[in-house]
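Chain residues, written in single-letter form:
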Amino acid sequence: MRLKDKVAIVTGAASGFGEGIAKRYAEEGAKVVIADINDKDGERVVEEIRAASGAAEYCHTDVSRGAHVKAAVECATGRFGGLDIMVNNAGWAYSNRSSLEVSEEEFDKLFAVNVKSIYLATLHAVPVFRAQGRGGVMLNIASTAAVRPRPNLTWYNATKGAAVNITKSLSLELAPDKIRVCAINPVIGETGLMETFMGMPDTPENRKKFLATIPLGRFSTPLDIANAALFLASDEAAFLTGVCLEVDGGRCV
Ligand SMILES: NC(=O)c1ccc[n+]([C@@H]2O[C@H](COP(=O)([O-])OP(=O)(O)OC[C@H]3O[C@@H](n4cnc5c(N)ncnc54)[C@H](O)[C@@H]3O)[C@@H](O)[C@H]2O)c1
């Protein structure tokens, strides 16, 4: 049990990478708060974790709203007695298209869900980490988009560039408190966002175009991301901070 007795919040855990992370954490002994706006699937993930003898709670959380993020942290401390791992995974993107065609509303939503969320998580999780006096881990799910951007996703790519920069900057600021801050940069994966990133119908022909850009020849899976997230959150990674780990089958080499 690599996360025995740890308490984690995973945002965007009702589907995709977040669901994979939450389930993997629970398998390894963590008590997990599923924080999402998709109540139906969030509750489903909780039921599935409990059915596998894990511990989980659902908390309806819009990560772009301070009061919601505060409530998610309070859910962790109230229900499970503390907080050790904050995974900022919830994300949103507009459909792949010219950067001149993205509306101001879409731009604002993008930065609210993908960037402001990390600011809010910092405001509400870090004081708990500090008060507990046993360090903590913040893990941001950024993207290869931060390192090797694809065209026609410019504003989305910028939010992930911000997530990487925030990760490095916060890792320095919080190191004296033994709070580690790391990121994962996944390559395109088979989740709810895949077609959005592709900007074309999800057909075998179109998939081939993207697969050709990934040296190991496949898309990332929730389990790939979850295994990396497990390692980075565990004590095995005790000396790692500011690390932004590509989980990308060689895409960024
Ligand atoms: N799938 C990919 O190809 C890929 C690649 C690199 C990075 N990412 C990143 O991985 C993360 C997870 O995305 P995914 O691919 O699993 O997609 P997904 O759509 O399957 O999951 C995203 C989850 O976030 C939730 N969410 C959206 N807005 C929210 C909000 N305001 N508050 C709370 N929850 C919200 C959704 O309900 C959903 O459950 C995102 O940050 C995404 O940018 C995805």
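Now for a quick tour of the structure. (Residues numbered from 1 in each chain as written. Predicted model: local features only at pLDDT ≥ 70, side-chain atom pairs only at ≥ 80, totals over all residues.)

Before going further, it helps to examine the overall build of the protein. The number of helices and strands found in the protein is eight helices and seven strands. By the compact-globule yardstick of 18 Å for 253 residues, the protein fits well, its C-alpha radius of gyration being 17 Å. Seen through its principal axes, the protein has C-alpha atoms that stretch 50 × 40 × 35 Å. Sorting the 253 residues of the protein into buried and exposed places 47% on the buried side. Looking at the protein alone, contacts between residues at least 24 apart form 72% of all its contacts between residues at least 6 apart. (Helix = DSSP H or I, 4+ residues; strand = E, 2+ residues; numbered from the N terminus. Rg over C-alpha atoms; globule rule 2.2 N^0.38 Å. Buried ≥ 20, exposed ≤ 12 C-beta atoms within 10 Å, placed from the backbone. Contact = placed C-beta atoms within 7 Å.)

Moving on to the site of the ligand. Around the ligand sit 29 residues in total, of which Gly12, Gly16, Gly91, Thr191 and Gly192 are the nearest. Taken together, the elements giving at least two residues each to the shell around the ligand come down to helix H1 (16-27) and helix H6 (194-198). Counting residues per element, the shell around the ligand draws most heavily on H1, which supplies three residues. The class makeup of the residues in the shell around the ligand is 13 nonpolar, 14 polar and two charged. (Near = placed C-beta within 6 Å. Nonpolar A, V, L, I, M, F, W, Y, C, P; charged D, E, K, R; others polar.)

Turning to the pairing of strand S1 (residues 7-11), a few remarks are in order. For S1, the tally of buried residues reaches five of five residues, placing the bulk of the element in the interior. Side chains Val7, Ile9 and Thr11 project from S1 onto one buried face, and the interleaved Ala8 and Val10 project onto a second face that is buried too. Examined bridge by bridge, S1 and strand S2 (residues 31-36) share five bridges and lie parallel to one another. Bridging from a neighbouring strand, alanine 8 pairs with valine 32 of S2. (Pairing = 2+ DSSP bridges.)

What follows concerns unusual backbone geometry. Positioned with a positive phi, aspartate 5 is a non-glycine residue whose angle comes to about 65°. Note that aspartate 5 resides in the segment before S1. Positive phi, close to 70°, is recorded for asparagine 152, a residue that is not glycine. Residue placement: asparagine 152 occurs in the loop between strand S5 (136-141) and helix H5 (154-174). Note on asparagine 152: 17 C-beta atoms within 10 Å, which makes it partly exposed.

Turning next to the packing of helix H4 (residues 104-132) against H5. Interhelical geometry of H4 versus H5 gives an angle of 15° and a closest axis separation of 9 Å. With respect to H5, the axis of H4 lies roughly parallel. For the pair H4 and H5, the crossing hand works out as right-handed. For the pair H4 and H5, contact is made by Phe107, Leu110, Phe111, Asn114, Val115, Ile118, Thr122 and Val126 and by Trp155, Tyr156, Thr159, Ala162, Ala163, Ile166, Leu170 and Leu174, respectively. Across the contact of H4 with H5, the residue classes break down as 13 nonpolar, three polar and no charged. (Axes fitted to C-alpha atoms, helices over the stretch in contact; angles between N-to-C directions. Parallel < 35°, antiparallel > 145°, perpendicular 65-115°, else oblique. Left-handed = near helix turned anticlockwise from the far one by under 90°.)

Time to look at the sheet that holds S5. Across the sheet, which stays open at both edges, the seven strands sit in the order S3-S2-S1-S4-S5-S6-S7 with parallel pairing between neighbours. Each of the sheet's edge strands pairs with one partner strand only, and the pair in question is strand S3 (55-60) and strand S7 (244-247). If you compare each strand with its neighbour and ignore which way they point, the axes differ by 20° on average. Bridge count between strand S4 (residues 85-88) and S5: four bridges; the pairing is parallel.

Formed by 74 residues in total, the largest nonpolar core has its most connected members in Ile9, Val10, Ala22, Val32 and Ile34. In terms of residues, this core owes the most to one element, H4, which gives nine residues. (Core = buried A, V, L, I, M, F, W, Y, C linked by C-beta atoms within 7 Å.)

These results come straight from atomic positions and should not be treated as a statement about function.
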